[in-house]
Amino acid sequence: MAAFLLRRTGRAALQAALGASLVYLLAAAALDPRAHLAGRAPRPPDAVVDARLARLNLDPRVPPSARYRVWAAGVLRGDLGRTLDGRPVGPELHRRLAVGVRLVLPGAVLGSALGIALGVWAAARRGRAADLLVTPLTYVLAAVPVFVLAVLAQTAAGAVNDAAGVRAVTWTDDTASGLLLPTLVIALAQAALVARYQRGSTLDVADAAFVRAARAKGLRRRAALLRHALRPALVPQGARLPHTAAMLLLGGMLVEQVFGRHGLGAWLAASVARGDVNAVAAVGGLAACAVPAAALAADVLHGLLDPRVRPA
Amino acid sequence: MTRVAAGLVLLAALALLAAAGPALAPWAWDEIDFTAFGEGPSRRHWLGTTQHGRDVFAVTVHALRRSLLIGAAVAALATFLAALVGTVAGYAGGRADRALMWCADLLFVLPPFLLAAVLAPGAGTLALVAVLAGLMWTSTARMVRAAVRSLRDREHVLAARLAGVSAPRTIVRHVLPALASLLAVDAGLNVGAAIVAESGLAHLGFGVRPPGVSLGALVADGGPAVLAFPWRFAFPAALLVLTAVAANLLADGLRDALDPR
């Protein structure tokens, strides 16, 4: 197991490093930081702009490969470079990431748990009222983009506030009540997706020989499903972890934006518009690390859930 | 089968609306009514106007047309790429297989919104289509590869190879037809996914460039003002969700109908 994990960790690290490097090279080649600095009023002298770009390792006259070497050496030392305004990228990335995590993580965990429960419930009651209610609902909910869901939630909250006559529900601050609406939106979107897969994977194993054996032993259907079918039915869910991580990262950016938070999404959009290569590379690098990390977590989870993949 | 029918009917209705809507609307999509800024639905403007005095119905059906075209183009291109890479990797096996799948893995690691953000601005809708398709083909390619690997050793393919048929011809004549249903289903799913993906990009400001409009751009535009001007948000958002539901219904229904399990 240790050797397997070590190999997988090495592969994930290689993927993350390659992904982050590609992102930096793309951003360095495609973005134009000079226009932003030179476009200020009053217009600074060219020499000033050039000196500033050179100091920030953004000089367009230096080939991207040379800039990349400077950037990569910095990243290895834990220095992500500086933004166009000369502030260090690292602390800003940290702050923006915290905004997103506060907004997304509780909803994602809650939604996954709810989705698994709903999926198993719908599968256990296949064709009965509960299934006929839950399945179409999750189907439509899964097709509603998260930013539409967020606006709908705000509209509903606005109606509640109007009816109550006070601002009972707010969503602009990071207090517990201010985080309620974003958490709810993420949880609903996540639950709908998870429930659809969970229902399918539970039905796939519900008729397997080992579940029938458990029933033949005298276990009730409910106990057989929970004790014997739930665990194998979670395996496909674990395999979707990298995909979920990528979705949540993008969904988080969109939800942040709809709820007026200045998180990673707003920073990325502004940085692309400014041509701020170091900031764009930081956000991209984060994403490029998140997916391989999630893939690694999925491998570990698979090992925990499925004893057959564990070497003796 | 009812799902396929429902999806088809819904998609046909949307396509009809996109095709005939601009002719139905009494206003052109880029026409500005200087007497009506941000007004609610009325007989003059069926679904109200935007803050710039554009007719919401006219703009939205125009955007629907644009979004459907983008979705169809992305799905066609992504499915083509997936079929190409998946069959070559699955059929050739060995080193070519490993190299191609490694590239697909790397593309999955790269953040899609970032690529679109960095590459698409400045370029037109075609670049947007290329970027979206370039990011969406990898999962389909993986499925195609798996299917081709099992098809490769079937009798009818072996017979063709033994008869001296060249590899490309074998793939086109004997392998691809067996994959047609899988590809059709995935293309359907990709249409919906591409339209939603473009909407997400539009929210971050990286979608279709103004003055062009897509459903996503309209939703992103109307969302923040939804409490004051609900009509600017409701119609485009409803069409966006309907399109996604229709594409999913069609694809899921087809998959279940074609999959003998």
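Residues numbered from 1 in each chain as written. Chains lettered and ligands numbered in written order. Predicted model: local features only at pLDDT ≥ 70, side-chain atom pairs only at ≥ 80, totals over all residues.

1. A look at the overall build of chain A
When you go through chain A residue by residue, the secondary structure sums to 13 helices and zero strands. Tracing chain A from N to C terminus, the helices and strands come up as α-α-α-α-α-α-α-α-α-α-α-α-α. Each of the three principal axes of chain A carries a C-alpha extent, and together these read 85 × 65 × 25 Å. Out of the 312 residues in chain A, the part that is buried amounts to 40%. Considering only intrachain contacts with a sequence separation of at least 6, the fraction spanning at least 24 residues in chain A is 74%. (Helix = DSSP H or I, 4+ residues; strand = E, 2+ residues; numbered from the N terminus. Buried ≥ 20, exposed ≤ 12 C-beta atoms within 10 Å, placed from the backbone. Contact = placed C-beta atoms within 7 Å.)

2. Here we look at the packing of helix α2 (residues 56–92) of chain B against helix α5 (residues 125–151) of chain B
All names here are of chain B. In contact at an axis separation of 5 Å, α2 and α5 are set at 40° when each is read in the N-to-C sense. Viewed along their axes, α2 and α5 form a crossing whose handedness is right-handed. Looking at the contact of α2 with α5, its residues break down into 19 nonpolar, six polar and two charged. (Axes fitted to C-alpha atoms, helices over the stretch in contact; angles between N-to-C directions. Left-handed = near helix turned anticlockwise from the far one by under 90°. Nonpolar A, V, L, I, M, F, W, Y, C, P; charged D, E, K, R; others polar.)

3. A short note on the interface of chain B and chain A
Opposite the 28 residues of chain B that make contact, chain A presents 35 residues. Where the side of chain B that touches chain A is concerned, the elements lending two or more residues are α3 (94–109), α4 (112–119), α7 (167–203) and α9 (230–258) of chain B. A total of seven residues in the side of chain B that touches chain A trace back to one element, the largest contributor, which is α9 of chain B. Of the residues belonging to the side of chain B that touches chain A, the class tally is 21 nonpolar, six polar and one charged.

4. A few points about the confidence of the model for chain A
Across chain A, pLDDT averages 87, with 99% of residues at or above 70. The lowest-confidence element of chain A is helix α2 (residues 33–38) of chain A, averaging 82 in pLDDT; the highest-confidence one is helix α5 (residues 89–124) of chain A, averaging 91. (pLDDT = per-residue confidence, 0-100.)

5. Focus: the packing of helix α1 (residues 2–30) of chain A against helix α13 (residues 277–305) of chain A
Each pair of packed helices gets described by two things: the angle between the helix axes and the distance between those axes. All names here are of chain A. The N-to-C vectors of α1 and α13 enclose an angle of 160°; their axes lie 8 Å apart at closest approach. Relative to α13, α1 is oriented roughly antiparallel. Remark: the crossing between α1 and α13 carries right-handed chirality. Here R8, T9, A12, Q15, A16, G19, A20, V23, Y24, A27 and A28 of α1 lie close against α13, whose contacting residues are V277, V280, A281, G284, G285, A288, C289, P292, A293, A295, L296 and D299. For the contact of α1 with α13, a count of residues per class yields 16 nonpolar, five polar and two charged. (Parallel < 35°, antiparallel > 145°, perpendicular 65-115°, else oblique.)

6. Looking at the environment of H174 of chain B
All names here are of chain B. Tracing the chain through its elements places H174 in helix α7. Taking the C-beta count within 10 Å as the criterion, H174 has 18 such neighbours and is therefore assigned partly exposed. Along the backbone, H174 and A246 are 72 residues apart, and their C-alpha atoms lie at a distance of 32 Å. Residues contacting H174, with those up to four places away along its chain left out, are H156, V157 and A160.

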